[in-house]
Amino acid sequence: MSERESTVGGDDADGRAAYLRAVREGYDELARVHREARTAVGEPGIDQVDAVARDLPDGARVLDAGCGSGVPVLSRFDLAFDVVGLDLSREQLERAHERSPTAGLAQGDMSALPFRDGAFDGLVALHSIIHVPRDAHPSVYREFHRVLAAGAPALVTTGTDAYEGGTPNWLGSGVEMHWSFPAAEETLAALRDAGFEVEEETRVPDEHGGGEFLFARVRA
């Protein structure tokens, strides 16, 4: 198996469930290593994250979709906003609680969010939807739109070129991690189809790989 080849996949429900289980178990296993790596390096796109924060009133309720260990969004937002972090990984959520003990936390799948309609005034999905099987991305965007109040700002990160695969020894941890996303044009179309207005798209080089990230600022 090559460095960028995934052993998990499939377009059916069983394949998607196996894929998400592998991502969840992978993040459970490498939670400590991942937090150290995220803390040690600068975060691509942090300017876009801060732009969303400036667009929100004090006390706004914000969803950090795929919060990981709480770096950088949850820990950056928890003083000014009523922030809720959602993640597949229980281990990651425990570390997020250590860093941001006042934030709300929930374990769950972004394609079936456990929140009521219009529950949030803003949303950030930073480097998280890239771990969702790409055929489920439209469902994720529809869920994002459902839980946002009318006119709420959001930020979504994904890749610019279509990719599906994995790295067997991610971050030197010995753990395989998986990624899946379509080309940027398909992502932007799916966001519009979900009801979002795309206000800005920024392409930022991936410092740890050979491609780019797409940061899409949108409004519900």
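Keep in mind that what you see is a predicted model, and the values were worked out from it rather than measured.

## Points about the overall build of the protein chain
Here comes step 1: When its secondary structure is counted, the protein chain shows seven helices and nine strands.
Here comes step 2: Expressed as a percentage of its 220 residues, the buried residues of the protein chain come to 53%.
Here comes step 3: Put simply, 66% of the contacts in the protein chain that link residues at least 6 apart link residues at least 24 apart.
Here comes step 4: If you sum the accessible surface of the protein chain, you get close to 9600 Å²; carbon and sulfur atoms cover 45% of it.

## So, unusual backbone geometry
Here comes step 1: Each neighbour pair has its own omega, and for Val71 with Pro72 the value is 0°, a cis peptide bond.
Here comes step 2: Relative to the helices and strands, Pro72 resides in the loop between strand 1 (61-65) and helix 4 (73-77).
Here comes step 3: Here the phi dihedral of His127 falls at roughly 55°; this positive angle occurs in a residue that is not glycine.
Here comes step 4: The topology assignment puts His127 in the loop between strand 4 (122-125) and helix 6 (137-147).
Here comes step 5: Taking the relative accessible area as the measure of exposure, His127 reaches 12% and is therefore buried.

## Some thoughts on the confidence of the model for the protein chain
Here comes step 1: Averaged over the protein chain, the pLDDT score is 87; the fraction of residues at 70 or greater is 85%.
Here comes step 2: Confidence over residues 1-10 falls short of pLDDT 50; this stretch has 27 contacts with residues more than four positions distant or in other chains.

## Focus on the packing of aromatic side chains
Here comes step 1: This structure, assessed with the given rule, holds five aromatic pairs.
Here comes step 2: The interplanar angle of 75° and the centroid separation of 6.4 Å between the aromatic rings of Phe213 and Phe215 together place this pair among those described as edge-to-face.
Here comes step 3: Looking at Phe215, the relative accessible area reads 0%, which means it is buried.

## A few points about the pairing of strand 5 (residues 153-159)
In the case of a regular strand, side chains alternate between the two sheet surfaces.
Here comes step 1: Most of strand 5 is tucked away, with seven of its seven residues classed as buried.
Here comes step 2: Of the pairings in the sheet, the one linking strand 4 to strand 5 comprises three bridges and is parallel in character. Its bridge partner lying in strand 5, Leu123 is registered against Ala154.

## Side note on the pairing of strand 3 (residues 104-107)
Here comes step 1: With four bridges joining them, strand 2 (residues 82-87) and strand 3 adopt parallel strand pairing. Note that in strand 3 the partner of Asp87 across the bridge is Gln107.

## Digging into the nonpolar core
Here comes step 1: Judged by nonpolar contacts, the single largest core of 33 residues is most densely connected at Leu63, Phe115, Phe144 and Leu191.
Here comes step 2: Within the residue set of this core, elements represented by two or more residues are strand 1, strand 2, strand 4, helix 6, strand 5, helix 7 (184-193) and strand 9 (212-219).
Here comes step 3: For Phe144, the contacting residues outside a window of four places in its chain are Ala65, Met110, Leu113, Leu123, Ala125, Val156 and Phe196.
Here comes step 4: If you look at the next biggest cluster of nonpolar residues, it comprises 20 residues, including Ala60, Val62, Ala103 and Leu126.

## A few points about the sheet that holds strand 9
Hydrogen bonding along the main chain pairs the strands of a sheet, whether they run parallel or antiparallel.
Here comes step 1: Across the sheet, seven strands lie side by side as 3-2-1-4-5-9-8; this open sheet has mixed pairing. In this open sheet, the two strands that pair with only one neighbour each are strand 3 and strand 8 (197-205). Shown here is a sheet whose adjacent strand axes are inclined to one another by a mean of 20°, direction ignored.
Here comes step 2: Summarising the sheet, strand 1 and strand 4 pair through three bridges and their orientation is parallel. Note on strand 4: the bridge partner recorded for Asp64 is Val124.
Here comes step 3: The strands touched by helix 6 within the sheet are strand 1, strand 4 and strand 5, with strand 5 carrying the most contacts at an inclination of about 165°.

Quick notes on the rules
- Residues numbered from 1 in each chain as written.
- Predicted model: local features only at pLDDT ≥ 70, side-chain atom pairs only at ≥ 80, totals over all residues.
- Heavy atoms only, no water.
- Helix = DSSP H or I, 4+ residues; strand = E, 2+ residues; numbered from the N terminus.
- Buried < 20%, exposed > 50% of the residue type's maximum accessible area, 1.4 Å probe, protein only.
- Contact = heavy atoms within 4.5 Å.
- Areas by Shrake-Rupley, 256 points an atom, 1.4 Å probe, with all protein chains shown as cover.
- pLDDT = per-residue confidence, 0-100.
- Phe/Tyr/Trp six-rings, centres within 6.5 Å; stacked < 30°, edge-to-face > 60°.
- Pairing = 2+ DSSP bridges.
- Core = buried A, V, L, I, M, F, W, Y, C linked by side-chain atoms within 4.5 Å.
- Axes fitted to C-alpha atoms, helices over the stretch in contact; angles between N-to-C directions.

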